[in-house]
Amino acid sequence: MTSSGPAPFSLCPDVVAAGRLGALWPRLLLPLWIWTGDLAGQARASHQHLHPHSIKLPGDITLGGLFPIHARGPHGVNCGELKKEKGIHRMEAMLYALDQINGDPELLPNITLGARILDTCSRDTYALEQSLTFVQALIQKDTSDIRCSNGEPPLIRKPERVVGVIGASASSVSIMVANILRLFEIPQVSYASTAPELSDNNRYDFFSRVVPPDSYQAQAMLDIVKALGWNYVSTLASEGNYGESGVEAFMQISREAGRDAPISPISDPSVTCPRPAYVSPPGGVCIAQSVKIPREPAEGEFDKIIKRLMETSNARGVIIFANEDDIKRVLEAARQANLTGHFLFVGSDSWGAKSSPIAELEDVAEGAVTILPKRASIDGFDQYFISRSLENNRRNIWFAEFWEDDFRCKLTRPGIKLDSDKKKCTGGERIGQDSSYEQEGKVQFVIDAVYAVAYALHNMHQDLCPNSHGVCSSMDPVEGRLLLDYIRAVNFNGSAGTSVLFNENGDAPGRYDIFQFQMTNHSHPGYHVIGQWTNNLRLNLEEMQWSGGDKSVPESICSFPCKPGERKKMVKGVPCCWHCELCDGYQYQLDEFTCEMCPTDMRPVPNRTACCPTPIIKLEWNSPWALVPASLAMLGILATSAVVVTFIRFNDTPIVRASGRELSYVLLTGIFLIYLITFLMIAEPGVAVCAFRRLLLGLGMAITYSAMLTKTNRIYRIFEQGKKSVTPPKFISPTSQLAITFILISVQVLGVFMWFAVVPPHTIIDYEELRPPNPDLARGILKCDMSDLSIICCLSYSIVLMVTCTVYAVKSRGVPETFNEAKPIGFTMYTTCIVWLAFVPIFFGTAQSTEKMFIQTATLTVSMSLSASVSLGMLYMPKVYVIVFHPEQNVQKRKRSFKAVVQAATLSQKTDKPNGDTKIEPDRTQ
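Predicted, not measured: the structure shown is a model, and the values here were computed from it. (Residues numbered from 1 in each chain as written. Predicted model: local features only at pLDDT ≥ 70, side-chain atom pairs only at ≥ 80, totals over all residues. Heavy atoms only, no water.)

Student: Got a minute to help me understand the state of the cysteines in this structure?
Tutor: A disulfide bridge is the covalent bond that connects two cysteines by way of their sulfur atoms. Applying the stated criterion across every chain yields a total of 9 disulfides. Between the sulfur atoms of cysteine 286 and its disulfide mate cysteine 576 the distance is 2.0 Å. Measuring the twist about the S-S bond at about 85°, one finds the cysteine 286-cysteine 576 disulfide to be right-handed. Of this pair, cysteine 286 sits in strand β11 (residues 286-293) while cysteine 576 sits in strand β23 (residues 574-582), and the two are 290 residues apart along the sequence. Accessibility classification places cysteine 286 together with cysteine 576 in one group, the buried group. Across a sulfur-sulfur distance of 2.0 Å, cysteine 690 and cysteine 784 are joined as a disulfide pair. Judged by the sign of its S-S torsion, about -90°, the cystine formed by cysteine 690 and cysteine 784 is left-handed. Of this pair, cysteine 690 sits in helix α18 (residues 687-722) while cysteine 784 sits in strand β30 (residues 779-784), and the two are 94 residues apart along the sequence. Here cysteine 690 falls in the buried class, since its relative accessible area comes to 0%. The cysteine cysteine 833 is free of any disulfide, with cysteine 805 supplying the nearest cysteine sulfur at 8.8 Å. (Disulfide = S-S within 2.5 Å. Helix = DSSP H or I, 4+ residues; strand = E, 2+ residues; numbered from the N terminus. Buried < 20%, exposed > 50% of the residue type's maximum accessible area, 1.4 Å probe, protein only.)

Student: Mind showing me how you'd approach the packing of aromatic side chains here?
Tutor: For the coordinates displayed, the defined rule picks out 22 aromatic pairs. With a centroid separation of 5.9 Å and 80° between ring planes, the pair formed by tyrosine 96 and phenylalanine 381 is classed as edge-to-face. Of the two residues, tyrosine 96 is situated in helix α3 (residues 84-102) and phenylalanine 381 in helix α11 (residues 379-386); the sequence distance between them amounts to 285 residues. Among the aromatic residues, ring-to-ring pairing joins Tyr96, Phe381, Tyr384, Phe385, Phe399, Phe402, Trp403, Phe407 and Tyr437 into one connected group. In this structure, arginine 694 packs its charged tip against the face of tryptophan 755, placed 4.2 Å from the ring centre. The ring of tyrosine 586 carries the charged tip of arginine 771 above its face, separated from the ring centre by 3.8 Å. (Phe/Tyr/Trp six-rings, centres within 6.5 Å; stacked < 30°, edge-to-face > 60°. Lys NZ or Arg CZ within 6 Å of the ring centre and 35° of its normal.)

Student: What exactly am I supposed to notice about the nonpolar core here?
Tutor: General note: in soluble globular proteins, nonpolar side chains tend to be found buried as a group. In this structure, Leu63, Met91, Met94, Leu113 and Leu457 are the most contacted members of the largest nonpolar core, which totals 66 residues. Looking at which element gives the most residues to this core, the answer is helix α13 (residues 443-464), with 13 residues. Methionine 94 has contacts with Leu63, Gly64, Gly65, Phe67, Ala115, Ile117, Ile166, Val446 and Val450, leaving out every residue within four places of it along the chain. Core analysis: the second largest hydrophobic core is formed by 57 residues, Ile671, Met708, Phe756 and Val882 among them. (Core = buried A, V, L, I, M, F, W, Y, C linked by side-chain atoms within 4.5 Å. Contact = heavy atoms within 4.5 Å.)

Here you go:
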């Protein structure tokens, strides 16, 4: 073992100054020095004064080693305090692995592996300067102008040639070193650098690692977040390649997961009954805050970080890629802000299962979920390390410093006075007995990295030197690119029993243990394994517990899920935040983001996740809207039947004959049909019912008012003719009267049959008539294909007859009241007009009512029954009364000629009374 600074180039006692300066660094490194700049120059000068040492182990083949023996120093100083675990433990793991390999007769037989191990001081620029030591042997040096004082050429010591480098630890350091090692084709195998950037095989083609990259870790952390049901988290990263790259990988994978997430439909609108809503599982995870911790945080910086995280307080989950010191200070700031238990940390492997970041902050860290590459404690290394002492470990030039730090004592040195507050080291202390010891987590990977290069060299030796003992000429020197191919091809069981192999980018497979820090309900509070991740997550949620021992998973979401029937209205730019809007009216929830209108014949179910058929209704017989009209119609039919029976029974009596028997029977038939239409309007719609509705709705009234019009027209013509001459007018005989009546009726019948031909009768279901704002009240109405307009058109001819008849009744008002039926017909028509004038506003004024069909049907049928009842009561009830109760008045009167009628008309003109009160007996034989 030797310990030295940079190897001297010349063994001459003195050299020409110009020549010495010219030989130090060749022109090849000039661009490199320009690239590294002043920082590398300052690091070099500081290194020469503070930590000029390195460990050098002789061997046939030399491996380089880069370890953070010391922490980063304060401002202006490269190296700080000693790092016992990350520095000494890992570096001793390399020495242990070399001892094991050199003592293995099966692995690299007759070949000894040596080492040149350097301290990176946890600083990338300092590590860059140190790594120049590895490439010295590859630099061609110009010694032509160098001469010793006696004129002879100097003897130049050839630096050891480093064929591969183990390290570095931090990703920022590995990135810096990888840039120079690739220039000289020196393979590099890291045991701890996990930045995703290093997976770029185009930029870092000579870099490999036995730990999985943070892209795997980020995927595992995203899977954990999704398994916990979180979709709104913040990220926290230490400034540098490790923290920033880890967070960037997490955010990138989260965005990709969000884009790939499907949107599943809530329901099918055609289903006939409600069914549970199905909402697709969340895809991506939204980042509420992405905070970076500066390299040199100012006072109060962590308080500001906590305040910023609280700006989105719903994002309780915090994804943290940070170093131990930053983690500890974040927890301290959370406690100081009285937010213990609020934040739910998901920590990367830099947190892992370490106790130092959470020391005295266990209550704040409770429930934290952390991830760590799957590893095991190496028993052989434990036995090796606890047996180290100052006597048997002189090859480790930093071991004395470790000894003082580990046992809190001071070694005596010549010329240095021992501090009074420090005890003297005896050298008899024992690691693990007089001090605490726990194997550092990356020891396994350091050993695996050394073995990966050793197996690659072994396979290379077997291929290039099959029959040679020791290094043959084909491996002297070792070609870096060929060695890289062998390194990438290794596949062996590592120190923990797991396979060690690399993919095309030099990355190891992702294998992680998932931990949670728990404080309650355990006999041993601390980190507990709750799952694993190997390309997919296996997480035991039942074993997880949170602040206060709560078993239920806390929520870290921006917006709560919408209720069934509510759609998500997204917040612009934040895909995990939304407002819930109810699908109103006749809309149903098509998917998470869309409301659609139900089809015309359907309405939304109560929870608005589907559409169901709208109930179909019709006018029922037991409804009050049907009972009242039906009762009136039944009474009218009975009364009409009684009149008809009476007239038939007393068909030859003077009163029956005087009323015009033929037209009376026609008129009574029309009145009967008017009453009958009520039952057709209430009956369940069908093709036959709809056909009879069309036919009889206007026919009964047309028959009635055609007969009345014929009668009033006859009376009017008789009296008008009597004023002019004694010759009777034409067409006043019963046969003529019947012909005129049937001609008028035929117009109605012809119109109805033309309607049949154009639009055959059929039923429809009207979903628009009863479609109120509240869809629960929506109904489909089964009815005939008769609109309000068609009903009015069907009655319009009868109304024309009615109006015409009324006009003749007005004109005949001067006829003596005892002459035929002019006056009763006039009163009938006046009353009928009043009834139908009342019908029109009621019928059309209820068009917007939810009970439109019932009101209109009842109004129409009652109006028709009333008009029929008026005709029946005015024209025939007095006659029936005389026939039944005063038969003595039902006798033959003196027959009157047309001349008598003319005289009556003349007298009616001369009388002073406006209505003509002269008593003239009518001719009841007509």
